[in-house]
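Below are the chains, spelled out letter by letter.
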Amino acid sequence: MIGLGLPAVIRSKLRNAWTGRVWTGGNPNGTKTGLNWPTGIAAPLAMVAPALVLIPVLGLLPGLVHGGGFDLLAEFIQAAFSPSLDPLVLGSALKGLGTTVGIALLGWAASVLLGLVLALASSRQVWTSCCGHVWPANLLRRLLALPRSIHELLWGLLLLQVVGLQPAVAIAAIAIPYGALVARVLGDQLDGLPSGALAALRCSGVPAPQALLTALGPPLLPGLLSYGGYRLECALRSATLLGVFGLGGLGTELKLCLQSLQFHELWTGLWLLLAVMLLLETGLGGLRRRWLMPRRLGLGSPSSGSPRLEPGAAQGSGSGRALAAWAPAGPGLASPNPARPGPLPSSPLAPESGAGHRDQGRAPRPDSLGRRGREMVLAMVVIMPLLVWLARAMGVHPLGLLHWQPLPNLGAASWASVLALPWPQLVGTTLLLTLVAAALAVGLAPLLLLVIAPWPWARPLLQLAWALARLWPPPLSALLLLLLLKPGLVTAALALGFHNLGVLGRLLLEASDDCPAPAELALKGAGVGPRLALLYGRYSGLARSYLAYGAYRADVILRESVVVGLVGAAGLGTQLLESLSSFAWDQLLALLVVYALLTLVGEDLSDRARHWLLAPT
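Calculation criteria
Residues numbered from 1 in each chain as written. Predicted model: local features only at pLDDT ≥ 70, side-chain atom pairs only at ≥ 80, totals over all residues. Heavy atoms only, no water. Helix = DSSP H or I, 4+ residues; strand = E, 2+ residues; numbered from the N terminus. Contact = heavy atoms within 4.5 Å. Areas by Shrake-Rupley, 256 points an atom, 1.4 Å probe, with all protein chains shown as cover. Phe/Tyr/Trp six-rings, centres within 6.5 Å; stacked < 30°, edge-to-face > 60°. Buried < 20%, exposed > 50% of the residue type's maximum accessible area, 1.4 Å probe, protein only. Lys NZ or Arg CZ within 6 Å of the ring centre and 35° of its normal. Salt bridge = Lys/Arg side-chain N within 4 Å of Asp/Glu carboxyl O. Core = buried A, V, L, I, M, F, W, Y, C linked by side-chain atoms within 4.5 Å. Axes fitted to C-alpha atoms, helices over the stretch in contact; angles between N-to-C directions. Parallel < 35°, antiparallel > 145°, perpendicular 65-115°, else oblique. Left-handed = near helix turned anticlockwise from the far one by under 90°.

### Looking at the overall build of the protein
No. 1: Scanning the protein for helices and strands turns up 23 helices and two strands.
No. 2: Put simply, of all contacts in the protein between residues at least 6 apart along the chain, 79% involve residues at least 24 apart.
No. 3: With an accessible surface of roughly 25,300 Å², the protein has 71% of that area assigned to carbon and sulfur atoms.

Following this line, the structure appears as structure tokens:
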């Protein structure tokens, strides 16, 4: 019996919320913000329903646990409280961290520049204004789907075989897929901007380049900076991941320390990397609030009644896209159509520090516009010499990417061996891995917040755990799990799920803080417990956007499944790494094509799911 002993009105609301028959939650202006499910399942329960995958996973774990590893795991946990402070270890960790940060900064800068150029080249507004045709923009958009469908790890490993080991390889591996992602996001933003000012300038005889810069440049800048900041966070994690696979930086040292069981040295590098990541996230969040840039998750905004998901990319570890149909109404403005989020998209729900709700929808003062513009220009002036100095200090030579070395064992293709691969098993295992990891990440984040709801002191611990999950690359999580578990699909799914749980947890926690929930306060005032009040009072207003991002995150996990191929998950990722190490180029080409097709199909399904979840009701 729900709400036994509570007032009749409260019992009725909880009972209806349980069945999903009425809207729960809301905002001060009375607009409905809940989600009514035709299946009769309440929206808050749908948020935690994916966690049911824990039942079969926990049932399989006893058969996967092997005899050793518990003592090593205990040593690993104890070493977290006593990292090595040896000067040699610290010096080596700082040097590796500098390389990782340098790769991230240079890869990020190259991707933003490349993405901006490609966004202009693939914008329908630009082509319509310049020559009156849109087919070149549509063609280029389809072509850009291919580089973004391949994970940065695969780009790095392929370039490593073609041009050899050099600093420019890791930078290009980040810049190529990230540039295609930035082009997609900025192209969608450009096409979603109001065209009235542009048409007026063109009718006045202003040439197309000047008209485009004047009409579209200022409203595009906040979204560009906000999304660019998110991509910088992703680039730091991607640079660490590339280092795990031998492309330089702190990731290489972390992997060597883990393989040699030097846990104290391992935690020295981890704590340093965590400090840099948190400083970066905090600094970028502060700049977004100071410059009033669009938030990445708009929930419960006074200017918009329905919760909304701001599209964009996704970092985590590092990839994502904007929905073409979700055109923004302008910087900091809410769209009148609740299916189309108002603020300029910065990333598909990459987490943002929560303050800023009070600034949403508020028109900035003229003097603040001048201050913001000067500070933005100053930031660009400062960062350019820093990037040039980094490139010289790291010995980056972009022209070195043009000198290809002979590929070994490049003989005639054996298509019979390609067809002999167990394609149904490879594809099926990859999809199952994606679904299990996505269900773990999506369902556990709200479930863990419900568990700790009565204990405020547990929240900082959960935040620290999620920060480590975002930081810890999935391949290292998989190697750590191998201390206890046998290699296989479950081990790989746990590693991917843990990493994405950190991303989703940060998102949900900060969105929950940013979203007003009068229903939760009302339920608590009526005597409802903190867990039930959080579930039905706050989660019902977050469900649509959170589940829509969960659909996006499943697409990201499909792309990331290649990075856990080293634990023998028997999916496409494992076969890709085996074919690459054995120089089976015919198999590698076929696997890349299948992987790209899968990710593009997953992208389309993810877009459709988000449209359905965020459609006006």
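### Details of the packing of aromatic side chains
No. 1: A complete count under the given rule lists six aromatic pairs for this structure.
No. 2: Ring geometry for Tyr227 and Tyr230: centres 6.2 Å apart, planes at 45 degrees, overall tilted. Here the residue Tyr227 and the residue Tyr230 both occupy positions in helix α11 (residues 208–244), the gap between them amounting to three residues, near one helical turn. Of the two residues examined, Tyr227 and Tyr230, each falls in the buried class.
No. 3: Judged by centre distance (5.2 Å) and plane angle (35 degrees), the ring pair of Trp267 and Trp271 falls under tilted. In this pair, Trp267 and Trp271 both sit in helix α13 (residues 263–290), four residues apart, roughly one turn of the helix.
No. 4: Here Trp271 falls in the partly exposed class, since its relative accessible area comes to 29%.
No. 5: The structure contains a cluster of three or more aromatic residues connected by ring pairs, namely Phe76, Phe263, Trp267, Trp271 and Trp472.
No. 6: Above the ring of Phe245, the side-chain terminus of Lys255 is found at 5.8 Å from the ring centroid.

### Considerations on the pattern of salt bridges
No. 1: Taken as a whole and assessed by the stated rule, the structure comprises 13 salt bridges.
No. 2: With its nearest N and O atoms 3.2 Å apart, the salt bridge here joins Arg184 to Asp188. Of the two residues, Arg184 and Asp188 both sit in helix α9 (residues 167–192), four residues apart, roughly one turn of that helix.
No. 3: For Arg184, a relative accessible area of 13% gives the class buried.
No. 4: Salt-bridge contacts for Arg506 lead to Glu281; the nearest nitrogen and oxygen are separated by 3.4 Å. Here Arg506 is found in helix α19 (residues 489–514), whereas its partner Glu281 is found in helix α13, with 225 residues between them in sequence.
No. 5: Owing to a relative accessible area of 7%, Arg506 belongs among the buried residues under this scheme.
No. 6: Owing to a relative accessible area of 5%, Glu281 belongs among the buried residues under this scheme.

### Quick word on the nonpolar core
No. 1: Leu266, Tyr539 and Tyr546 are the most contacted members of the largest nonpolar core, which has 155 residues in total.
No. 2: At 16 residues, α11 tops the list of elements feeding residues into this core.
No. 3: If we ignore the near neighbours within four places in the chain, the residues touching Tyr546 are Met47, Ala441, Val442, Ala445, Pro446, Leu504, Leu507 and Leu508.

### What to know about the packing of helix α16 (residues 423–452) against helix α21 (residues 530–560)
No. 1: At a minimum axis separation of 10 Å, α16 and α21 run at an interaxial angle of 155 degrees. In terms of their interaxial angle, α16 and α21 are classed as roughly antiparallel. By crossing handedness, the relation of α16 to α21 is classed as right-handed. Of the residues in α21, those touching α16 at Thr430, Leu431, Thr434, Ala437, Ala438, Ala441, Val442, Ala445, Pro446, Leu449, Leu450 and Val451 are Arg531, Leu534, Leu535, Tyr539, Tyr546, Leu547, Gly550, Ala554, Ile557 and Leu558.

### A look at helix α22 (residues 572–581)
No. 1: Judged by how many residues are buried, α22 sits mostly within the fold: eight of ten residues are covered.
No. 2: Every buried residue of α22 is listed here: Leu572, Gly573, Thr574, Gln575, Leu576, Leu577, Ser579 and Leu580.
No. 3: Where α22 ends, the next residue or the one after it, Phe583, has phi of about 55 degrees, a positive value.

### A word on the environment of Gly107
No. 1: Its place among the elements puts Gly107 in helix α5 (residues 87–121).
No. 2: Relative accessible area serves as the criterion here: at 0%, Gly107 is assigned to the buried category.
No. 3: Dropping the residues within four chain positions of it, Gly107 is found in contact with Ile171, Ile174 and Ala175.

The quantities given are spatial measurements derived from coordinates; they are silent on function.
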